[in-house]
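What the coordinates show
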Amino acid sequence: MNSERLKENVSVTIRFRPLSPREIRQGEEIAWYANGETIVRNENTPSIAFAYDQVFGPTITTRHVYDNAAQHVVSGAMEGINGTIFAYGVTSSGKTHTMHGNQRSPGIIPLAIKDAFCIIQETPSREFLLRLSYLEIYNEVVNDLLNPAGHHLRIREDNQGTFVEGVKQEVVLSPAHALSIIAAGEEQRHVASTKLNLHSSRSHTIFTLTIESSPCGENIEGEAVNLSQLNLIDLAGSESSKAETTGIRRKEGAYINKSLLTLGTVISKLSDGRAAHIPYRDSKLTRLLQSSLSGHGRVSLICTVTPSSSNSEETHNTLKFAHHAKHIEIQAAQNKINDEKSLIKTYQNQIRSLKEELHRLEHEGEAKDALLSQIQSLTRLILVSTKSPHQTDPGSRYSFMEEELAYLPKRGRNLSLDHENIQLHVTLNEGSHIKDDKKIKKPQKRDGLTLTSGSDKSSGGMSTTSNPTPTPPANTHTLAIVESRRLSYSSPSESTSEPLQHVEVLTDSEAIQEQLNEKNIECKGLEETITALKQLLSENTTIKAQAVEIEQLKEKVAKIRESKEQLEIENKRLREESAYANELASAAANELKMMSEQVVKLMNQGVV
């Protein structure tokens, strides 16, 4: 590891979301607000204020947040400096929207992936190898989202820090390829409906991009390799588990709170700078983040908050957490490794050996073709820019292609029940519509990258400017690497197995397959739209049935009221008759008493 370290602090950003339609209907007020670009204040108590690196109001785009809060971490990772970006906040505050986004507004993760490949294109002097893994921590258990059998994985340590034993890694060749793998992993993530959100994240997810790079050229055998990890983390909601009072949601909330409480404790002790013991081992989350939080790489914390008065206390807690994190000092440094631990060096050395053997077999056709195929299979895994050192990139840095957007969520679905009007509100973003087939064109060039090394031309190797079709991982020409130890990779010979021995140029069958993939994406979009409409229709049918039942109940209530009025009239009449009868009885009793007294008087006089 390079000894040159630069002192800096954890970068802390606050992002406000706007009031939701439900909060507006309920008459919620603004409790917290952005006062300028770095200050957050309380509306009711202006003296309460917090200062951060950046504070973004509800109108700021995710791309602007990325440029200011994340891009420096990504560019550092491409130079060999470990980086971690994570979103923290309560459920429905905008964490997943900030990290993942959708087709209309890509989040931090797709923007970082796109930026990484743009940096490769802008760095013609180096060759790169990218691998990704995708984990979740659910109920304090580490699961591999890219491997259905990867459950209850163990966290280990070596002289380079903590790592997850047995995690699956995939070599990625393009932004669309990486996004397709993430989309497949997202299907395995634990999400559920809670009182705060219909699609609440019930686990912490950790997306890791491992980056290796080495200088281009023939005479680079003694050169060290830059190795770094870029961790992009979407945390579960930080609200109290009391928000869910029963069942599995409460159990999940308890585990989430435990890990986030430990994270808060670790942050607090690190910001103090005098603590003798930091409790990293008290949760899986803090143990995995130990290398990042302890000062060995750049860290950017993006706290998403709600301005509403009903969430004022939760927002205040988030702001205090961010305030502590702002005072953590780090000393990031560039990481370099030797040839023995470098996968890109392993591939480069094998390519070099195969080319030497190819020259010896120049006149043997079949053997030569087999070697060419092996060289191409290895070469396509190493990413090299097509630009000259002095060429400028006129294109947009974050211009996503249609095939890349296909792997991002097509719509944001905000589902809420208005108890006053008994109406169902479903919002479908504009990105959900299906475009005309004629408008979908097959790209001739993806990201300006070539997958041939700088020395291939001299050996007659085949080159191309097109990456493999980014279909889901099972159908792509990728190399899946399952680590039994960190930096302990599969043998080089395994990388030349049958699935990788394909010609690099798009054939007619591949073009047809690509069109078929586009049609499948369209069909999937249509199916999702139909499902949403069916759900809406089903809910509307239920509401109509409930409305009919309400009308019937209203009629019954009217009849009951009418009967009640008639009974009250009858009761009044009976009361009046009863009173009259009582008066008659009283009069009769008085008369009988008088007659009785008269009889007694006559008897005394001897008349009777």
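Definitions and cut-offs
Residues numbered from 1 in each chain as written. Predicted model: local features only at pLDDT ≥ 70, side-chain atom pairs only at ≥ 80, totals over all residues. Heavy atoms only, no water. Helix = DSSP H or I, 4+ residues; strand = E, 2+ residues; numbered from the N terminus. Buried < 20%, exposed > 50% of the residue type's maximum accessible area, 1.4 Å probe, protein only. Expected span 1.5 Å × (residues − 1). Arc of directions from axis to C-beta. Phe/Tyr/Trp six-rings, centres within 6.5 Å; stacked < 30°, edge-to-face > 60°. Polar contact = N/O pair within 3.5 Å; in protein donor to acceptor, adjacent residues only side chain to side chain. UniProt positions renumbered as here; feature names shortened; annotations may be inferred. Contact = heavy atoms within 4.5 Å. Pairing = 2+ DSSP bridges. Axes fitted to C-alpha atoms, helices over the stretch in contact; angles between N-to-C directions. Salt bridge = Lys/Arg side-chain N within 4 Å of Asp/Glu carboxyl O. Parallel < 35°, antiparallel > 145°, perpendicular 65-115°, else oblique. Left-handed = near helix turned anticlockwise from the far one by under 90°. Core = buried A, V, L, I, M, F, W, Y, C linked by side-chain atoms within 4.5 Å. pLDDT = per-residue confidence, 0-100.

As recorded in an unreviewed UniProt entry, the protein goes by the name Kinesin-like protein, listed as coming from Lactuca saligna.

1. Here's the deal with the overall build of the protein
If you tally the helices and strands in the protein, you get 14 helices and 24 strands. Taken over 608 residues, the protein has a buried fraction of 47%.

2. So, helix H10 (residues 312-325)
Its 14 residues give H10 an end-to-end C-alpha distance of 20 Å, which sits within 8% of 20 Å, the value for a rise of 1.5 Å per residue. Looking at H10, one finds that the buried residues are Thr315, Thr318, Leu319, Phe321, Ala322 and Ala325. Down the axis of H10, the smallest arc covering the buried residues is 160 degrees, so these residues share one side.

3. Regarding the packing of aromatic side chains
Enumeration over the complete set of coordinates arrives at four aromatic pairs. Where Phe50 meets Tyr52, the ring centres are 6.3 Å apart and the plane angle is 25 degrees; that geometry is what we call stacked. Looking at Phe50, the relative accessible area reads 10%, which means it is buried. Owing to a relative accessible area of 5%, Tyr52 belongs among the buried residues under this scheme. Considering the side-chain rings of Tyr88 and Phe321, the 3.9 Å spacing of their centres and the 10 degrees angle between planes classify their relative orientation as stacked. In this pair, Tyr88 is assigned in strand S7 (residues 83-88) and Phe321 in helix H10, connecting sequence segments 233 residues apart.

4. Focus: the side chain of Asn42
Relative to the assigned elements, Asn42 resides in strand S4 (residues 39-42). The class for Asn42 is buried, based on a relative accessible area of 6%. At a separation of 2.9 Å, a polar atom in the side chain of Asn42 contacts the main-chain amide nitrogen of Asn44. Separated by 2.8 Å, the side chain of Asn42 and the backbone nitrogen of Thr45 make a polar contact.

5. Focus: the UniProt feature "binding site: ATP" (unreviewed entry) in the protein
In this numbering, the UniProt entry assigns the feature "binding site: ATP" (unreviewed entry) to Gly89, Val90, Thr91, Ser92, Ser93, Gly94, Lys95 and Thr96. Of note, Ser92 is situated in the loop between S7 and helix H4 (95-99). Positionally, Lys95 belongs in helix H4. The residues contacting Lys95, other than those within four sequence positions of it, are Ala87, Tyr88, Gly89, Val90, Asp234, Leu235, Ala236, Gly237 and Thr304. Within the structure, the side chain of Lys95 is placed 3.2 Å from the backbone oxygen of Val90, a separation counted as a polar contact.

6. Things to note about the sheet that holds strand S3 (residues 32-35)
Strand order in the open sheet made by the three strands is S3-S4-S5, with antiparallel pairing throughout. Two strands bound the open sheet, and with one partner strand each, they are S3 and strand S5 (49-51). Each neighbouring strand pair of the sheet contributes to a mean axis angle of 25 degrees, computed without reference to strand direction. Note: S4 against S5, three bridges, orientation antiparallel. By the bridge assignment for S5, Val40 is matched with Phe50.

7. Topic: the pattern of salt bridges
Within the structure shown, the criterion is met by twelve salt bridges. We note a salt bridge from Lys326 to Asp53, for which the minimum N-O separation is 3.4 Å. You can see Lys326 sitting in the loop between H10 and strand S18 (329-332) and its partner Asp53 sitting in the loop between S5 and strand S6 (54-56), a full 273 residues away along the chain. Judged by relative accessible area, Asp53 falls into the partly exposed class, the value being 30%.

8. Re unusual backbone geometry
Leaving glycine aside, a negative phi is the common case for residues, and trans is the common case for peptide bonds. One non-glycine residue with positive phi stands out, namely Ser92, at about 75 degrees. Of note, Glu140 is a non-glycine position whose phi angle comes to about 65 degrees, a positive value. Look at Glu140 and you get buried, because its relative accessible area is 13%.

9. With respect to the packing of helix H3 (residues 71-78) against helix H5 (residues 108-121)
One can describe the packing of H3 onto H5 by two numbers: an axis separation of 10 Å at closest approach and a directional angle of 45 degrees. Between H3 and H5, the interaxial angle falls into the category oblique. Between H3 and H5 lies a crossing of right-handed hand. In this structure, H3 uses Gln71, Val74, Ser75 and Met78 to contact H5, whose residues at the interface are Ala112, Asp115, Ala116, Ile119 and Ile120.

10. Structural notes on the environment of Arg154
Position of Arg154 among the secondary structure elements: in the loop between strand S9 (141-144) and strand S10 (155-158). The sequence separation of Arg154 and Val141 amounts to 13 residues, and the corresponding C-alpha distance is 8.8 Å. Contacts of Arg154, omitting those with residues within four sequence positions, involve Phe163, Val164 and Glu165.

11. Examining the nonpolar core
By size, the foremost hydrophobic cluster in this structure holds 45 residues, and its most contacted members are Ile14, Tyr52 and Leu263. Elements supplying a minimum of two residues to this core: strand S2 (11-16), S7, strand S8 (126-138), helix H7 (247-272), helix H8 (284-288), strand S17 (298-305) and H10. Excluding residues within four positions of it along the chain, Ile14 makes contact with Val40, Tyr52, Gln54, Val55, Phe56, Cys303, Val305, Leu319 and Ala322. Residues Ala70, Leu111, Phe207 and Leu232 belong to the second largest nonpolar core, which totals 44 residues.

12. What about helix H6 (residues 175-186)?
Between its first and last C-alpha atoms H6 spans 16 Å; for twelve residues at 1.5 Å apiece the expected length is 16 Å, and the two agree. Most of H6 is tucked away, with nine of its twelve residues classed as buried. Residues of H6 that are buried: Pro175, Ala176, His177, Ala178, Leu179, Ser180, Ile181, Ile182 and Gly185. Buried residues along H6 sit in contact with H5, S8, strand S12 (168-171), strand S15 (204-215) and helix H13 (402-405).

13. A few points about the environment of Lys7
Relative to the helices and strands, Lys7 resides in strand S1 (residues 6-9). Since its relative accessible area comes to 62%, Lys7 is described here as exposed. The spacing of Lys7 and Ala332 is 325 residues in sequence and 7.2 Å in space, taken between C-alpha atoms. Each residue touching Lys7, except ones within four places of it in the same chain, is listed here: Glu329, Ile330 and Gln331.

14. As for the confidence of the model for the protein
Caution applies to low-pLDDT parts of the model: their predicted coordinates are not meant to be read in detail. In the predicted model, the protein carries a mean pLDDT of 75, and the fraction of residues at 70 or more is 72%. Residue range residues 413-509 is modelled with pLDDT below 50. Its contacts to residues more than four positions away, or to other chains, number 238 contacts.

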